[in-house]
There are 2 protein chains.
Amino acid sequence: MSWKAIGIFDSGVGGLTVLKEIVKALPQEDTIYLGDTARVPYGTKSPETVIRYARQITEFLVGRDIKLLVVACNTASAVALDSLNEAFSIPIVGVIEPGARRAVSVTKTGKVAVIGTEGTVKSSAYTKAIKRLSSDVQVVTRACPLFVPLAEEGWVDNEVARLTARSYLEGLREDGVDTLVLGCTHYPLLKGVIEEVMGSDVVLVDSAEETARTVAGILADHDLLRPVAEKGNHHYFVTDVPAGFIRVGNRFLGGDLGDVYQVNLEQAIQVGDGGDDGE
Amino acid sequence: MSWKAIGIFDSGVGGLTVLKEIVKALPQEDTIYLGDTARVPYGTKSPETVIRYARQITEFLVGRDIKLLVVACNTASAVALDSLNEAFSIPIVGVIEPGARRAVSVTKTGKVAVIGTEGTVKSSAYTKAIKRLSSDVQVVTRACPLFVPLAEEGWVDNEVARLTARSYLEGLREDGVDTLVLGCTHYPLLKGVIEEVMGSDVVLVDSAEETARTVAGILADHDLLRPVAEKGNHHYFVTDVPAGFIRVGNRFLGGDLGDVYQVNLEQAIQVGDGGDDGE
């Protein structure tokens, strides 16, 4: 048994959808969430930069003594997971593998589409994960860079959102896929218009639930779960001022967000490195 | 006379439109450009964070011995200029003041609209600058958060761009303005659809030219210009890997971009700070 918290990070607020499912599955666990709001978004940035940011954040969370890390950002899961596993010894769970598993179990025609940021799509992480699980499944991918700003602008159900979805997704529908992985934590907010374009016979897969199940499984396997009678505490950190995160986060969690603290990761890293180099 | 370079920075690639005008006006001058591509965009981030980034960048450019700094980013000009002027002694030119001056000289009806990022609009920097120049001019403002991602996606002339422009700008047209300030370096890329919505009798003001004129004036007043027979060299730095910047930058400058170097500002700052503190 371990009383330590579960660490969760995302480039911003989107990973709260994953946190929500983890809290639902494991209400007895403490969580520490970090949203890198001073450097959001990750999806348009290079793998090198995303890896650097992911390492800084993991350093910070490991410094707060977590027992497991959830990389709740698709882009960071796609490009930084191997590097994090090399550098840190705690179990680390991304959102790609669970999403891929769900897609493979859902598809009947064996044709799956994956949409995500440019970083996620370029990495081919979903395609590789799906092929590892079932080499027969065909995977088509499409980057949808405007979906994140649309979701953040709250334009999720207007003509612009509808036209954008059509422009990005029409080709995928014509490819005859029966499963669509929403490979970015923002995309569930656009579910309505995505469903309109894809049609009701295409199943939309969102990794949050499956990721929570994976986390529960690993903690159980390693005997790291807290007693079920407990009630977890939840702490939130962001790298920009908290106001925007609090507003959107409360929408994501139904008004249930607690205190949010701002942290300067550059400074945190600075101090650490200064100590190491200072001989 | 000073042989030092002119420093220019932006959150990303957009400031190259300002660089281009400076090079056109002052071909004899060396320039050093920094695009903060690892942390772009600034427009959605808090003033505190944008000020911190702007100070780090200015520190870096001043360390390369520039004679004048151009803040070619509207958001940073809007929120960080005072703080930079307090901390550094070289002349610092933003893009807000020149844009405001142009707008005041152009308007006939005395009704001016300003569009920009959320950060720029919230700061009221344009409204204040315009009112300082002419208290009679009426200013209406509108944040257009989707214009930057649209420009970066290259969707500048399709139905989505058109609908988005209509949604943001129709109200401004109804307000009867005769001048529209494009208060973000990305927006000139969307000039076509913006003109369609606003109509041909509304003048679009882009600060780049006027900023270049301001820079030339200050250097002349301080006797800091290089001899006109010279031909300047141009150096580019970015904080993420250069590939994306090179591709888009060449489009901005007509294939004229030179070598681009990547720099880690966090590390740069770290080393600097370590030296200062290390007694």
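Since we're looking at a predicted model, the values are computed, not measured.

Asks: Can you tell me about the overall build of chain A, naming the residues and giving the values?
Replies: Helices and strands together make up the secondary structure of chain A, namely 12 helices and 10 strands. For 279 residues, the compact-globule formula gives about 19 Å, and the C-alpha radius of gyration of chain A, at 18 Å, lands near that figure. Principal-axis analysis of the C-alpha atoms gives chain A an extent of 60 × 40 × 40 Å. Looking at the 279 residues of chain A, the share that counts as buried comes to 57%. Carbon and sulfur atoms make up 49% of the accessible area of chain A, which amounts to about 11500 Å² in all. Across chain A, the 27 positively charged side chains and the 38 negatively charged ones have centroids separated by 4 Å.

Asks: Pulling in residues and values, what's your account of the packing of helix α4 (residues 96-106) of chain A against helix α6 (residues 125-133) of chain A?
Replies: All names here are of chain A. Interhelical geometry of α4 versus α6 gives an angle of 55° and a closest axis separation of 9 Å. With respect to α6, the axis of α4 lies oblique. The two elements α4 and α6 cross, and the hand of that crossing is right-handed. On the side of α4, the interface is formed by I96, E97, G99, A100, R101 and V104, while α6 contributes A125, Y126, A129, I130, R132 and L133. The class makeup of the residues in the contact of α4 with α6 is 8 nonpolar, 1 polar and 3 charged.

Asks: Report on the pattern of salt bridges, specifying residues and quantitative values.
Replies: Oppositely charged side chains can pair when the atoms bearing their charge come close. Residues and elements named next belong to chain A. Scanning the model with the defined rule gives 32 salt bridges over all chains in all. Of the charged contacts in the structure, one is a salt bridge between E209 and R213, with a shortest N-O distance of 3.5 Å. With E209 and R213 both in helix α10 (residues 207-221) and 4 residues apart, the pair spans about one turn of that helix. Note on E209: relative accessible area 42%, which makes it partly exposed. Among the residues examined, R213 registers a relative accessible area of 47% and is labelled partly exposed.

Asks: Report on the interface of chain B and chain A, specifying residues and quantitative values.
Replies: Between chain B and chain A, the contact holds 32 residues from the first and 33 residues from the second. Interface of chain B and chain A: buried area, both sides summed, is about 2600 Å²; carbon and sulfur atoms make up 55% of it. Inspection of the chain B/chain A interface yields 0 salt bridges. Every element with two or more residues in the side of chain B that touches chain A is listed here: α2 (47-63), α7 (147-153), α8 (159-174) and α12 (265-277) of chain B. It is α8(B) that provides the largest number of residues to the side of chain B that touches chain A, a total of 6 residues. Classifying every residue of the side of chain B that touches chain A gives 14 nonpolar, 9 polar and 9 charged.

Asks: Which residues make up the nonpolar core, and what are the values?
Replies: If you look at the biggest cluster of nonpolar residues, it comprises 56 residues, and the most contacted ones within it are F147(A), L169(A), F147(B) and L169(B). If sequence neighbours within four positions are ignored, L169(A) has contacts with I115(A), C144(A), F147(A), I194(A), V197(A) and M198(A). Counting 41 residues, the second-largest nonpolar core is a separate cluster that includes L84(A), V181(A), V205(A) and L265(A).

Asks: Kindly report on the relation of the copies chain B and chain A, identifying the contributing residues and their values.
Replies: Superposition of the two copies of the chain requires a rotation about an axis and a shift along the axis. Note on the identical chains: chain B maps onto chain A by a rotation of 180° and an axial translation of 0.0 Å, with an RMSD of 0.0 Å. In symmetry terms, the pair is related by a two-fold rotation axis. Looking at the rotation axis and the C-alpha trace of chain B, the residue lying nearest is R39(B), at 2.4 Å. Here 100% of the contact residues of chain B are again contact residues in chain A; the copies associate through an equivalent surface.

Asks: Tell me what's going on with the pairing of strand β7 (residues 179-183) of chain A, and back it up with residues and numbers.
Replies: The side chains of a regular strand alternate between both faces of the sheet. Residues and elements named next belong to chain A. Across the 5 residues that make up β7, a large majority, 5, are buried. A two-sided burial pattern is seen for β7, the buried positions comprising T179, V181 and G183 on one face and L180 and L182 on the other. The pairing of β7 with strand β8 (residues 203-205) spans 3 bridges and is classified as parallel. Its bridge partner being in β8, V181 is matched across the sheet by V205.

Asks: Explain the UniProt feature "active site" (unreviewed entry) in chain A to me, using residue names and the numbers behind them.
Replies: Residues and elements named next belong to chain A. UniProt annotation of "active site" (unreviewed entry) refers to C73 and C184 when read in the numbering used here. These annotated residues cover 112 residues of sequence, and their C-alpha atoms all fall within 7.1 Å of one another, placing them together at a single site. Assignment of secondary structure puts C73 in the loop between β3 (66-71) and α3 (74-87). Under the relative-accessibility criterion, C73 is labelled buried at 4%. In contact with C73, other than residues within four places in its own chain, are F9, D10, S11, Y42 and V95. By secondary structure assignment, the location of C184 is in the loop between β7 and α9 (191-198).

Asks: Lay out the packing of aromatic side chains in plain terms, naming residues and giving numbers.
Replies: For the structure shown, the criterion picks out 16 aromatic pairs over all chains. Where W155(A) meets Y168(B), the ring centres are 5.1 Å apart and the plane angle is 35°; that geometry is what we call tilted. Placement of W155(A) in the loop between α7 (147-153) and α8 (159-174) and of Y168(B) in helix α8 is noted, with the two residues assigned to different chains. Connected via pairs of aromatic rings, a cluster forms that spans F147(A), Y168(A), Y187(A) and W155(B).

Asks: Break down the pairing of strand β9 (residues 234-238) of chain A for me, citing the residues and quoting the values.
Replies: All names here are of chain A. Summarising the sheet, strand β2 (residues 31-35) and β9 pair through 5 bridges and their orientation is parallel. When the sheet's bridge partners are listed, I32 is paired in β9 with H235. Sheet analysis places β9 next to strand β10 (residues 260-262), joined by 3 bridges and oriented parallel. When the bridges of β10 are listed, V238 appears paired with Q262. Between the parallel elements β9 and β10, the chain passes through helix α11 (residues 243-253) in a crossover that is right-handed.

Parameters at a glance
Residues numbered from 1 in each chain as written. Chains lettered and ligands numbered in written order. Predicted model: local features only at pLDDT ≥ 70, side-chain atom pairs only at ≥ 80, totals over all residues. Heavy atoms only, no water. Helix = DSSP H or I, 4+ residues; strand = E, 2+ residues; numbered from the N terminus. Rg over C-alpha atoms; globule rule 2.2 N^0.38 Å. Buried < 20%, exposed > 50% of the residue type's maximum accessible area, 1.4 Å probe, protein only. Areas by Shrake-Rupley, 256 points an atom, 1.4 Å probe, with all protein chains shown as cover. Lys, Arg positive; Asp, Glu negative; His and termini not counted. Charge placed at Lys NZ, Arg CZ, Asp CG, Glu CD. Axes fitted to C-alpha atoms, helices over the stretch in contact; angles between N-to-C directions. Parallel < 35°, antiparallel > 145°, perpendicular 65-115°, else oblique. Left-handed = near helix turned anticlockwise from the far one by under 90°. Contact = heavy atoms within 4.5 Å. Nonpolar A, V, L, I, M, F, W, Y, C, P; charged D, E, K, R; others polar. Salt bridge = Lys/Arg side-chain N within 4 Å of Asp/Glu carboxyl O. Buried area = accessible area lost by both parts, 1.4 Å probe. Core = buried A, V, L, I, M, F, W, Y, C linked by side-chain atoms within 4.5 Å. Least-squares fit on C-alpha atoms with pLDDT ≥ 70 in both. Pairing = 2+ DSSP bridges. UniProt positions renumbered as here; feature names shortened; annotations may be inferred. Phe/Tyr/Trp six-rings, centres within 6.5 Å; stacked < 30°, edge-to-face > 60°. Right-handed = clockwise from strand over helix to strand, strands pointing away.

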